[in-house]
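Listed below, chain by chain, are the residues.
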Amino acid sequence: MLTRRLRFASPFRVGRQARVLSTNVSNSRRPLSAYAESVEERSLASLLKNEDVAEPSEMQEDMASVRKKFSGFFRRPPVERKDLLAEVFPGVDMEPLTTGLPMEIADLMIENAVGGVTLPLGVAPNFVINGSHYIVPMAVEEPSVIAAASSIAKLVSENGGFKAKSTENIMTSQVQLLEVNADDACKIISENRAELIAAANQFCQSSVKRGGGVRDIYPRFIMPRLDPSRDPYVVVHIDVDVCEAMGANIVNTVAEGIAPRLADLVGGRPALRILSNLCLKRRSGAAFRLPFDSLSWKGVKGETVAERVIEAYMFAEDDPYRAATHNKGVMNGIDSAAIAMGQDWRAIEASCHAAAAMGGSYGSMTKYSIDNGYLVGKLEMPMSCGSKGGALTTHPLYKLTHKLLGYPNAQTICQILVAVGLAQNFAAIRALAIEGIQKGHMNLHARNICLNAGVPNELVDECREFMTLQKKWDTATAEEFMAKRGITPAGSTAVSS
């Protein structure tokens, strides 16, 4: 009989101990192979340490002047916002902001295309990352996401900006080998590593010509979890430098190409041959360092704000129920920017959540600490992004958003995403810890409530102010506003008595 007791502990740490999982098995298992290392043990050291963010970055002078132009950007009407983007980015065609995705292109991108779903596209104009200023595009239907990220980005930019780092663009594919003597197979594969790397590189010659290609091949000894009577098997990892691509197609081709050679070498049967979206060799991190005197907010002293942020962070580390919502705040920012930039946000979600659960528990993606009068925030995640290939060359809006960012390379895209995720998470837990989430969120969500209640467009802001004064953000309050003004809801037909 197999029994398992899962202990909720702190989540993913790079280089941490293996899975916290106690297992009692009535029939004795085989001793672990020398090749049965955990995937955590092969991961890299943490990218960002406190000393890395101790010195503020110098923002480029030309970008500092551009940044000033976006002061009060949210108060401008949409036409003026577009005009400012056109001014800051002369020669960039803003037409896709209006036209979106043509049907003839949509039909080439997916099967059975019948139209498109349009998300609001906004920009967060205040991000300073490694001294460079970015106007980050974000596509999201949820109010408050862009406002929150922009607010924290402004605060961080005034205090040295975000520091960010990335590893190389290494993606990993897996070849599962069944019906083999796992220990012998691991030994043979390790002994033939150089020959296998050379053979695998024949399946990614384009990457090799660009300076990438297969960097490592190594076996992993896998002990079955669900049924201890099953034999151990081998999974071969193939690490590939995919250069500027997201890399899924490249590493899948390599895995399928090298699988027959592996089978010839060790016997057995190749089963699944596919990339892993848990790309621990392809990670990016961002961090900020804010002095207490910059953190005062809503009448609460900065030191108290920092302490309450730490309390909220610890709650997410301690409790997976809280961690799920805490991390949803991170992904609110990352997904919004990833969608706007044409990145595979589903792969990013899978990787980030898998990393947060490593070690046998699920906890906070972000990390916060207090360091000599400063609040330090960090986010480091495995993440695969691409600056070339896929829909980036066909979708007109993706072309535009990459132009707005200055055509960033794959590593910079990842750094932007983790900075946005960190900003969004900090904004959320600060609000939760100090005043509660609903006040700010519902004030922004009130626009949607007004529109749903039939408030004419030109009176939405006035109705929102009325709701705020009443401290009620619901349809009944919007209807009360219209009744006081003698307004017929938009889309309704007045009936005379």
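Residues numbered from 1 in each chain as written. Predicted model: local features only at pLDDT ≥ 70, side-chain atom pairs only at ≥ 80, totals over all residues. Heavy atoms only, no water.

Engineer: Break down helix α5 (residues 145-157) for me, citing the residues and quoting the values.
Structural biologist: Here α5 spans 18 Å end to end across 13 residues, near enough to the 18 Å set by a 1.5 Å rise per residue. When we look at burial in α5, the residues that qualify are V145, A148, A149, S150, I152, A153, L155, V156 and S157. (Helix = DSSP H or I, 4+ residues; strand = E, 2+ residues; numbered from the N terminus. Expected span 1.5 Å × (residues − 1). Buried < 20%, exposed > 50% of the residue type's maximum accessible area, 1.4 Å probe, protein only.)

Engineer: Talk me through a nonpolar patch on the surface; I want residue IDs and the actual numbers.
Structural biologist: On the surface, a cluster of nonpolar side chains totalling about 230 Å² of accessible area is made up of L101, M109 and I110. Along the chain, L101 falls in the loop between α3 (96-99) and α4 (103-109). (Patch = residues over 30% accessible without salt bridge, like charges linked within 9 Å, V, L, I, M, F, W, Y side chains within 5 Å. Areas by Shrake-Rupley, 256 points an atom, 1.4 Å probe, with all protein chains shown as cover. Salt bridge = Lys/Arg side-chain N within 4 Å of Asp/Glu carboxyl O.)

Engineer: Could you give an account of the sheet that holds strand β11 (residues 366-370), with specific residues and numbers?
Structural biologist: Strand order in the open sheet formed by four strands is β5-β10-β12-β11, with antiparallel pairing between adjacent strands. Whereas interior strands pair on both sides, the edge strands pair on one side only; in this sheet they are β5 (163-166) and β11. Neighbour-to-neighbour, the strand axes of this sheet turn through a mean angle of 15°, independent of strand direction. For β11 and strand β12 (residues 374-382), the ladder comprises five bridges, and the chain directions are antiparallel. Counterpart to T366 in the pairing with β12 is L379. (Pairing = 2+ DSSP bridges. Axes fitted to C-alpha atoms, helices over the stretch in contact; angles between N-to-C directions.)

Engineer: An account of the nonpolar core is needed here, citing residue identities and associated values.
Structural biologist: Counting 63 residues, the largest nonpolar core has F127, V136, M383, L417 and F426 as the members making the most contacts within it. Looking at this core, the element that brings in the most residues is helix α14 (residues 410-434), giving 14 residues. With residues near it in sequence (within four places) discarded, V136 still touches G122, V123, A124, F127, A337, L405, I416 and V420. Counting 36 residues, the second-largest nonpolar core is a separate cluster that includes I197, F221, I250 and C279. (Core = buried A, V, L, I, M, F, W, Y, C linked by side-chain atoms within 4.5 Å. Contact = heavy atoms within 4.5 Å.)

Engineer: Which residues make up the pairing of β12, and what values do they have?
Structural biologist: Of all nine residues that make up β12, seven are buried, and the element is covered over most of its length. The turn linking β11 back onto β12 is made up of three residues, and N372 within it adopts a positive phi angle of 50°.

Engineer: So, the pairing of strand β4 (residues 132-139): which residues are in play, and what are the values?
Structural biologist: Within β4, eight of the eight residues are buried, leaving the element largely enclosed by the surrounding structure. Burial along β4 is two-sided: S132, Y134, V136 and M138 facing one way and H133, I135, P137 and A139 facing the other are all buried. Once strand β3 (residues 121-129) ends, the chain turns through two residues before running back antiparallel as β4, passing N130 with a positive phi of about 50°.

Engineer: Any chance you could break down the packing of aromatic side chains for me, citing the residues and the numbers?
Structural biologist: One pass over the structure, following the stated rule, counts eight aromatic pairs. Summarising the aromatic geometry, the rings of F70 and F73 are spaced 5.2 Å apart at their centres and angled 55° between planes, so their arrangement reads as tilted. Residue F70 shares its accessibility class with F73, and that shared class is buried. Ring centres of F466 and F481 lie 5.7 Å apart, and the angle between their planes is 50°; on these two criteria the pair is classed as tilted. With F466 in helix α16 (residues 460-470) and F481 in helix α17 (residues 475-485), this pair connects stretches of sequence that are 15 residues apart. One exposure class covers both F466 and F481, and it is buried. The aromatic ring of Y374 is capped on one face by R289, whose charged end is 3.9 Å from the ring centroid. In this structure, R430 is placed above the aromatic ring of W297, and the distance from its NZ or CZ to the ring centre is 3.9 Å. (Phe/Tyr/Trp six-rings, centres within 6.5 Å; stacked < 30°, edge-to-face > 60°. Lys NZ or Arg CZ within 6 Å of the ring centre and 35° of its normal.)

Engineer: Kindly report on the packing of helix α10 (residues 302-318) against α14, identifying the contributing residues and their values.
Structural biologist: Two elements in contact, α10 and α14, have axes whose closest approach is 9 Å; the angle formed by their N-to-C orientations is 105°. If you check the angle between α10 and α14, you find them roughly perpendicular. In this structure, α10 contributes V305, R308, V309 and A312 to the contact, and α14 contributes F426, I429, R430, A433 and I434. Looking at the contact of α10 with α14, its residues break down into seven nonpolar, no polar and two charged. (Parallel < 35°, antiparallel > 145°, perpendicular 65-115°, else oblique. Nonpolar A, V, L, I, M, F, W, Y, C, P; charged D, E, K, R; others polar.)

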